[in-house]
Amino acid sequence: MNAPDTALVPADRAARQAEVVAALRRVLPAHALLWHAEDTTPYECDGLTAYRERPLVVALPETEAQVAEVLKACHRLQVPVVARGAGTGLSGGALPHAMGVTLSLAKFNRIVELDPLARTATVQCGVRNLAISEAAAPHGLYYAPDPSSQIACTIGGNVAENSGGVHCLKYGLTLHNVLRVRGFTAEGEAVTFGSTAPDAAGLDLLAVVVGSEGMLAVVTEVTVKLVPKPQLARCIMASFDDVRKAGDAVAAIIAAGIIPAGLEMMDKPMTAAVEDFVHAGYDLNAEAILLCESDGTPEEVAEEIDRMLSVLAGAGATRMEVSRDEAQRLKFWSGRKNAFPASGRISPDYMCMDSTIPRKRLADILLAIAEMETKYGLKCCNVFHAGDGNLHPLILFDANDPDQLHRCELFGADILETSVRLGGTVTGEHGVGVEKLSSMCVQFSPAEREAMAALKRAFDPAGLLNPGKVIPTLQRCAEYGKMHVKKGLLPFPELERF
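Predicted, not measured: the structure shown is a model, and the values here were computed from it.

Procedures and definitions
- Residues numbered from 1 in each chain as written.
- Predicted model: local features only at pLDDT ≥ 70, side-chain atom pairs only at ≥ 80, totals over all residues.
- Heavy atoms only, no water.
- Helix = DSSP H or I, 4+ residues; strand = E, 2+ residues; numbered from the N terminus.
- Disulfide = S-S within 2.5 Å.
- Buried < 20%, exposed > 50% of the residue type's maximum accessible area, 1.4 Å probe, protein only.
- Expected span 1.5 Å × (residues − 1).
- Arc of directions from axis to C-beta.

Draft legend 1. Just unusual backbone geometry, in detail. A positive phi is found at Gln78, a non-glycine position, where the angle reads about 60°. Position of Gln78 among the secondary structure elements: in the loop between α3 (64-77) and β3 (81-84). Even without glycine at this site, Asn466 takes up a positive phi of about 50°. Along the chain, Asn466 turns up in the loop between α16 (446-459) and α17 (474-487).

See below:
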């Protein structure tokens, strides 16, 4: 994990800034344009605060026509553009370009249409994730993907990162819940992906755009699916005296043909941090706990809860508690949803990693992370979307200490590379951004990375949208390969070529 690749910048930043401001003043009102340092500093990073950069200019358009004109002006001047939503991303995807425009879409916060009969909602990109469910609630509907940051994160950002949440195992990620995306290309041309009909004409490019981290198009409007609120939901809190037993229990539940509404795992350090924060009733003696939820009709829930209790008992659970009522169920989940802020209470800083491994290897990665804590001299709290193998280790460190930041970066890279070695990937739902740029060198060959770059060029030939992220250059991978052995990380044949 390193700062992004940066192109050569013009010697006279002030002159370039003046040129861009003059061009954008012709298409935006004065209040929608920021360029003084005190005004642009709040945009210098997203949720990954370890890396910061002030943008040349911040544009805050209020209409799609203004978005198009901003993009056309930037394309004419060959100015990089970084789209930004709420800034809650955790991989540096919204990190500004030093010589570019940050395109803030915060003012696109209107729910355009909610159709309870079609069970769809069309919303602007700046609408908060939770606001969709709040608007749909009177109709007995809700939007299923529920990232922990759903109170603040926007649907446009969810589309950029293909976000999930605690209920993604049963209901799917953003991709599975989006019907249509509308936006603009780097040249300012209007473009639509997907359709509200059962199928879209032409090539199905919706899946290409969802999760593309703002590199292919600027999203302004999204149509999502809504699902009926279940009649009942109950949650099991299961304790284990060994992390391997807990990991094996996850695999056993899926192997039994059960698809819980939610299946989450927390280790002992995370449980302690969360319990001190929200008092969710977690078992502080357990080495790991699982939260297993069932939803549906009362009959379906009763049958599935009984089946999960049987599997958990067979897997060695030392304690099992089923939520008595809705209040206790929400309390169980409040702990999981507050894992990140709880970690912030016990450490000056933390770096939240994000990788995915096969479910059967959950215990292996936890034990490996425990060894890394000793290797790098830093503590780590672990929380998992266990049902789909998505890890969120939170490495605790102090960013004011350069050595701790360096060790934290090495620790994070080690987790990602170990995930690949265990058969997984370097990312799950947080995206690559700048955080995992070097780790992409480990997982993907030069040919594979070139294929990604070719797709990027097909949408954005000039490379102006969110440049220097997601796809590492050959030079960057060569440099990373040379440094790899010195860092003491795991050997990978791919890096040995350099």
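Once you've had a look at it, read on.
Draft legend 2. Structural detail: the state of the cysteines. Inspection of every chain in the model, using the stated rule, returns one disulfide. Between the sulfur of Cys441 and that of Cys477 lies a disulfide, 2.1 Å long from S to S. Given an S-S torsion of about -80°, the disulfide between Cys441 and Cys477 has left-handed geometry. Of this pair, Cys441 sits in helix α15 (residues 440-443) while Cys477 sits in helix α17, placing them 36 residues apart in sequence. Residue Cys477 is classed as buried on the basis of its relative accessible area of 0%. Lacking any disulfide linkage, Cys168 is separated from the closest cysteine sulfur, that of Cys153, by 13 Å. Note on Cys168: relative accessible area 8%, which makes it buried.

Draft legend 3. Layout of α16. Over its 14 residues, α16 extends 20 Å from the first C-alpha to the last, a length consistent with the 20 Å expected when each residue adds 1.5 Å. Those residues of α16 that fall on the buried side of the exposure criterion are Arg449, Ala453, Lys456 and Phe459. Mapping the buried residues of α16 onto a view down its axis gives an arc of 115°, with all of them on the same face. Along α16, the residues that are exposed and aim more than 90 degrees away from the buried face are Ala447 and Ala458.

The analysis is restricted to geometry; functional conclusions fall outside its scope.
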